Amino acid sequence: MERIFVYLSLFLVLMLNAQNKKFHFITLNNENNKEIETDFYVDKIYDARQFNQNIGSAQKSIANLNVQINFENSLVDEFGSFLSKVYPKKDNKRSISIRINDVYLIESTSSNKETGYATVVFDVIEKIENKDFIVGSYSSTIESSGYDVTSKHAERLISAIKKCFDDYSLANSKFSSPIEFNPLVVIGTKNVQGPIKKGIYLSYTDVLNGNSLNVDNYTITKYQEGNCLLNNHTGRVENCYYGFSDGKSFYLNASRYSTVKYYLRTEILGDNYYIDEVNYHSTDFSFLKSQGISALVLFPDLNANTVPLVINRFNGAPVLLTNKYMVDLLTSDKELLKEYKKTSRGVLDKKKFYKQYYKYD
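What you see is a predicted model; the values in this text were computed from it and never measured.

Glancing now at the overall build of the chain. What the chain contains, in helices and strands, is six helices and 20 strands. Out of the 361 residues in the chain, the part that is buried amounts to 55%. Residue pairs in contact within the chain that sit at least 24 positions apart in sequence constitute 67% of those at least 6 positions apart. When the accessible surface of the chain is totalled, it reaches about 17200 Å², and 48% of it is carbon and sulfur.

Burial of strand β4 (residues 56-60) is extensive: four of the five residues sit out of reach of the surface. As paired strands, β4 and strand β5 (residues 65-71) are joined by five bridges and run antiparallel to one another. Bridged to Ala58 within β5 is Val67.

Before going further, it helps to spend a moment on the environment of Pro88. Position of Pro88 among the secondary structure elements: in the loop between α1 (75-86) and β6 (94-109). Separated by 51 residues in sequence, Pro88 and Glu37 place their C-alpha atoms 9.2 Å apart. The contact partners of Pro88, leaving out residues within four places of it in the chain, are Glu35, Tyr41, Leu83 and Lys93.

Our next topic: the packing of helix α4 (residues 323-330) against helix α6 (residues 347-358). Their axes nearest at 11 Å, the elements α4 and α6 cross at an angle of 25 degrees. Put simply, α4 runs roughly parallel to α6. The element α4 and its partner α6 pack so that their crossing is left-handed. Across from Asn323, Tyr325, Met326, Leu329 and Leu330 in α4, the residues of α6 making contact are Lys350, Phe353, Tyr354, Tyr357 and Tyr358.

This next bit is on the layout of surface pockets. By volume, the largest pocket is sized at about 520 Å³. Around the largest pocket, the lining is made up of 28 residues, and of these Ser137, Ser173, Arg236, Glu238 and Tyr241 lie nearest the centre. Among the elements of the structure, β8 (131-146), α2 (153-169) and β13 (237-238) are those that each provide at least two residues to the lining of the largest pocket. No other element matches β8, which puts five residues into the lining of the largest pocket. Residues belonging to the lining of the largest pocket are distributed by class as follows: eight nonpolar, 14 polar and six charged.

A pair of packed helices is captured by two measures, namely the crossing angle of their axes and the spacing between those axes. It is at 12 Å that the axes of α1 and α2 come closest, and there the two elements cross at 60 degrees. Taken together, α1 and α2 sit at an angle that is classed as oblique. The interaxial crossing formed by α1 with α2 has right-handed handedness. Contacts between α1 and α2 pair Phe79, Phe82, Leu83 and Val86 from the former with Ile158, Ile161, Lys162 and Phe165 from the latter. For the contact of α1 with α2, the residue count by class is seven nonpolar, no polar and one charged.

Time to look at unusual backbone geometry. One non-glycine residue, Asn130, lies in the positive phi region at around 70 degrees. With respect to the helices and strands, Asn130 occurs in the loop between β7 (114-128) and β8. Not every positive phi belongs to a glycine, and Arg345 is a case in point at roughly 60 degrees. Within the secondary structure, Arg345 sits in the loop between α5 (334-341) and α6.

Conventions adopted
- Residues numbered from 1 in each chain as written.
- Predicted model: local features only at pLDDT ≥ 70, side-chain atom pairs only at ≥ 80, totals over all residues.
- Heavy atoms only, no water.
- Helix = DSSP H or I, 4+ residues; strand = E, 2+ residues; numbered from the N terminus.
- Buried < 20%, exposed > 50% of the residue type's maximum accessible area, 1.4 Å probe, protein only.
- Contact = heavy atoms within 4.5 Å.
- Areas by Shrake-Rupley, 256 points an atom, 1.4 Å probe, with all protein chains shown as cover.
- Pairing = 2+ DSSP bridges.
- Axes fitted to C-alpha atoms, helices over the stretch in contact; angles between N-to-C directions.
- Parallel < 35°, antiparallel > 145°, perpendicular 65-115°, else oblique.
- Left-handed = near helix turned anticlockwise from the far one by under 90°.
- 1 Å grid on protein atoms, 1.4 Å probe; cavity = no way out; pocket = protein on both sides within 12 Å on 5 of 7 lines; lining within 4 Å.
- Points joined across faces, edges and corners; volume = space filled by probe spheres on them.
- Nonpolar A, V, L, I, M, F, W, Y, C, P; charged D, E, K, R; others polar.

Pasting the structure below:
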């Protein structure tokens with residue numbers, strides 16, 4: 001498998017120690033929300049996020065303590081109340097629905113300022129001949145800097161949501177072949193053990209259920225340490241999809257784990273995506289074993305350590321196969337651990353023994 005170099009450093013932790021669990025709550029509802037003239041209103045909202053314990057992390061207090069961000073109410077209630085005011089229902093408007101695939105808010109700190117990011121990804125669903133179809137997928141990231149960006153998270157998220165609806169309103173922004181949508185379909189496992197069929201996938205649930213767009217309308221090209229998708233019709237780089245398959249390999253969108261937007265080539269190992277090589281700073285990543293997800297920033301660093309990365313296909317949890325992780329993993333199998341310690345403990349060694357431990361072919 002072609003080696004993919006991705007440079008990662010710890011950016012934030014979305015799941016904190018249970019004994020020190022704090023939150024920063026935000027709401028989309030405020031007096032500044034005004035009606036926007038459109039020909040549509042939003043009828044139904046579906047929450048299809050893979051990460052739903054929270055919506056990000058903020059840095060609070062003088063010590064910049066990482067705390068989880070969440071809505072004051074449920075995501076569906078927050079979006080529903082906001083959208084009913086900004087895009088209200090009227091007799092002369094047509095009905096649409098949305099499936100929210102991701103919402104996350106993050107912060108970074110430099111020597112003299114902080115930067116806040118708000119990202120939202122959702123699909124728009126329209127009625128076509130009495131059936132629901134996903135007609136387009138939209139993503140937006142809004143950022144702003146200052147001395148304290150925590151108080152502006154809701155404002156940035158509102159701007160990102162509006163930008164997605166602005167993009168939807170463009171005449172050439174819809175799929176040439178819509179995907180039929182059924183909210184009652186449960187998450188399947190039909191593609192977990194084998195190759196993922198050729199196509200473009202809008203969410204992790206679509207991968208597990210085998211629902212995809214035709215990838216033949218796109219060109220896959222190399223971009224930085226990963227790949228990108230070029231829309232052959234519009235010439236636009238498409239970076240909001242969950243991932244895509246060329247029939248041989250699956251390419252996962254790195255944006256959920258970083259502030260960059262490209263796709264990483266993976267290998268399927270059981271319930272996981274496996275990426276050959278990533279570089280990371282020497283940091284304690286034991287928190288990755290928890291239910292919470294951490295976001296990671298990708299950037300070049302020649303002094304970083306090189307290890308494989310494994311991402312769970314169901315909950316999205318990433319695990320770095322560091323030497324410490326491998327030794328801890330193999331402790332229950334003395335023979336494997338003994339053989340592993342005889343190796344140079346390089347990337348190929350870690351992959352080999354990880355596969356042997358879990359009995360992956």
